[in-house]
Structure formats: C-alpha cells, structure tokens
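The primary structure of each chain is shown beneath.
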Amino acid sequence: IEQRMRAHFTDWLVSARSLCREIGENAIELATTRKQLSANLLRDQENIVMAIRKGELTSTMINLNIQDEAPNVRVLVSMTPIHKCIHIFSCLGKRGEFRKLYLENRRLQLLSDLQVPSGQDFLTNYKGYINQIAGFFLVEDEVKRNVEDLVNSTDLDSIWAEAIDTLLQMFREELVRITSPAGLLDAREYILGLCEAMLDIGLHVAPLQKAMEGISTHYEDALLRDSLRKMELSFSEDRFESLMIESEQYQNQIAKFGLLVSHALPPKIPYAVPFSAFVPRACELALEYLEQLEAFLSSDTGSEV
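Rules used throughout
- Residues numbered from 1 in each chain as written.
- Predicted model: local features only at pLDDT ≥ 70, side-chain atom pairs only at ≥ 80, totals over all residues.
- Heavy atoms only, no water.
- Helix = DSSP H or I, 4+ residues; strand = E, 2+ residues; numbered from the N terminus.
- Buried < 20%, exposed > 50% of the residue type's maximum accessible area, 1.4 Å probe, protein only.
- Polar contact = N/O pair within 3.5 Å; in protein donor to acceptor, adjacent residues only side chain to side chain.
- Contact = heavy atoms within 4.5 Å.
- Axes fitted to C-alpha atoms, helices over the stretch in contact; angles between N-to-C directions.
- Parallel < 35°, antiparallel > 145°, perpendicular 65-115°, else oblique.
- Left-handed = near helix turned anticlockwise from the far one by under 90°.
- Nonpolar A, V, L, I, M, F, W, Y, C, P; charged D, E, K, R; others polar.
- Core = buried A, V, L, I, M, F, W, Y, C linked by side-chain atoms within 4.5 Å.
- Arc of directions from axis to C-beta.

**Brief notes about the side chain of Asp-113**
Tracing the chain through its elements places Asp-113 in helix 4 (residues 95-114). For Asp-113, a relative accessible area of 10% corresponds to the buried category. A polar side-chain atom of Asp-113 sits 2.9 Å from a polar atom in the side chain of Arg-17. Every residue in contact with Asp-113, bar those within four places of it in the chain, is listed here: Arg-17, Tyr-129, Gln-132 and Ile-133.

**Focus: the packing of helix 7 (residues 181-199) against helix 8 (residues 206-213)**
For the pair helix 7 and helix 8, the least separation of the axes is 10 Å and the interaxial angle reads 160°. In terms of axis orientation, helix 7 runs roughly antiparallel to helix 8. You can see that helix 7 and helix 8 cross each other, and the crossing is left-handed. Residues Arg-188, Ile-191, Leu-192, Leu-194, Cys-195 and Leu-199 of helix 7 lie in contact with helix 8, whose contacting residues are Leu-208, Gln-209 and Met-212. Residue classes in the contact of helix 7 with helix 8 are distributed as seven nonpolar, one polar and one charged.

**Some remarks on the nonpolar core**
Core analysis: the largest hydrophobic core is formed by 67 residues, its most contacted members being Trp-12, Phe-137, Trp-160, Phe-171, Leu-175 and Met-198. Considering each element in turn, this core owes the most residues, eleven residues, to helix 5 (residues 122-146). Ignoring any residue separated from it by four or fewer positions in sequence, one finds Phe-137 in contact with Leu-110, Leu-156, Ile-159, Trp-160, Ala-163, Met-198, Ile-201 and Leu-203. One finds Leu-243, Ile-245, Ile-254 and Phe-275 within the second-largest nonpolar core, a separate group that totals six residues.

**Section: helix 8**
All of the buried residues along helix 8 are Leu-208, Ala-211 and Met-212. Down the axis of helix 8, the buried side of the element spans an arc of 100°, and every buried residue falls inside it. Exposed residues on helix 8 whose side chains face more than 90 degrees from its buried face are Lys-210 and Glu-213. The secondary structure elements touched by the buried residues of helix 8 are helix 6 (153-175), helix 7 and helix 9 (216-236).

**Remarks on unusual backbone geometry**
A cis amide bond links Ile-269 with the next residue in sequence, Pro-270, at an omega value of 5°. Looking at where Pro-270 falls in the secondary structure, it is placed in the loop between helix 10 (248-255) and strand 2 (271-273). Positive phi values are uncommon outside glycine, yet Asp-149 reaches one of about 60°. Phi at Phe-240 is positive, roughly 55°, even though this residue is not glycine. Within the secondary structure layout, Phe-240 lies in the loop between helix 9 and strand 1 (243-245).

In structure tokens, the structure reads:
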C-alpha cells in the first residue's frame, strides 16, 4: 500500500509541475489587471479632487469607471491524491515521513525550475520561466491552505527566500544585457507582475521590487542610446535637399513642431521649405524619446510626471 501511495504521489508531482506554467501565467495576468484597476481608480479620484478645487466638477466625472475586482487565480491542481497519501501514511504511522518526503521532492522540483538552460535567450523565454516559478508557489500556497499539517508558512517562506536569491542574481545579470528599451521595460513590468502575484499569497517581495527600481538608470541609458541610433540613421539617409510640402496633412504635421513661418497668406501647396526631411524627423524622434521617458518615470513613481 505504501509503495502504491508513493507512486500516486510521484504522479501528482509530475501533474502539478506540468500545470504550474499555466497557473503562474493566469496569476500574473490577474494580479497585473488588479493593480491597473486600482491605479485607474486612484487617477480618477485625483482628477475629481482637482476638479472640485477648480470648481470644474461635472456630473459625468462623478461616474467613476469602477469595475469588479479581478477574480482570484484558480489553481488547477487536484489535492485529492495528497489527501489520500496523508490518510494512508497516517494509518501506517508515517505521517511525518510523508511530510519530509513531500518537502524534499518539492524543493528539488523548485531547484530544477530555477535553473536556466545555458545558451537560452532571456528575452524570448523569461515569461515562461517566471510563470513556472509563480505557479510553483501558488500550488504550495494551495497545499498549505487545504492540506492540514503538510506545508506551513515557515516552509513556504524558507523556500521562497531560497528562490528569491536565485531570481535576484539571475535578473541582475540578464536585465543589464538587454539593449532594447521596449524589451527591458516589458521584462521589468512582468517581474513586477510576479511580485504582485506573490504578494497575493503573502510572500515577501521587497528585494525584487527594489531591484526593479534599480534598473531605472539602465533603462534611461538604453532609451537614449536607441534614440541616438535612430537619429544617426535618419541623418545618414537624408538627401540634404529642401523639403517639399505636398499636402495639407503633411503641412500640419510639420507645423506642430513650430518649423513653419506663419504667413498672412499661406503658400500654395506644393512648396519648398528651407530645411531637409531630417529636421522634422529629428523632432519626431525627440518627442518620441520624451514621451517614452515620461511614461517610464510615471510608472516608476506611480504618479504622472
């Protein structure tokens, strides 16, 4: 009977591990959605306060876009095999032995999941990696809450502390290698989504959050380098010929940068201007850089910049 229960437990380990990635992905998505809903509500409230102070409050502003809270993540792993194992091992007087067996095997699974295969591209694979880790701890939290005296808070905190040390080292090494500003920002936001999901089950994520704050300088440098690269490419492709304004739409696009001289009677389209196509393109790139930097700083501080 004991051997049969050990086989059932092994099957459960395989099943739980296979579902962790899906569980983690759902949890991070829901945690991120919940955080965004809270941020939107806070922004709407701040807008109403400002409108009240200015005497500009309208009835439409009072109708806040309050949505139902995102549902809790559903852990897809069945606890029935674990309950059976607990029952049989208890009848055999070996409940403590099964607890030790469980904790040792789950820790080995975690250590395996934390290993990053050599030569694997981080930007391509980090979401699956993070989802797997998040799913592991969500399953452990489910076991803690639904199976008596098998996993306790101390056990969970202990293996999370072990995991977070590995995650911090790996993220610090990999994030500084990312040269794409968009790729770096996406990775940072997904790691913060992991933090939100782990906070939901009571785990300590401050070291991870602090590490993500620490990449601000690297992101700003990457964004500036990328903008300068685009600027240099645009300059190298320029013909250094007077730009022809051939449509009213393009004229308006150029005018927003203050590049056109105002005339009582605007020139008849088409007409030439005393600068090349690089000049408005440079203005567009500078504006794009400032908008991206503003968006990043706003997300970093949690308020508008």
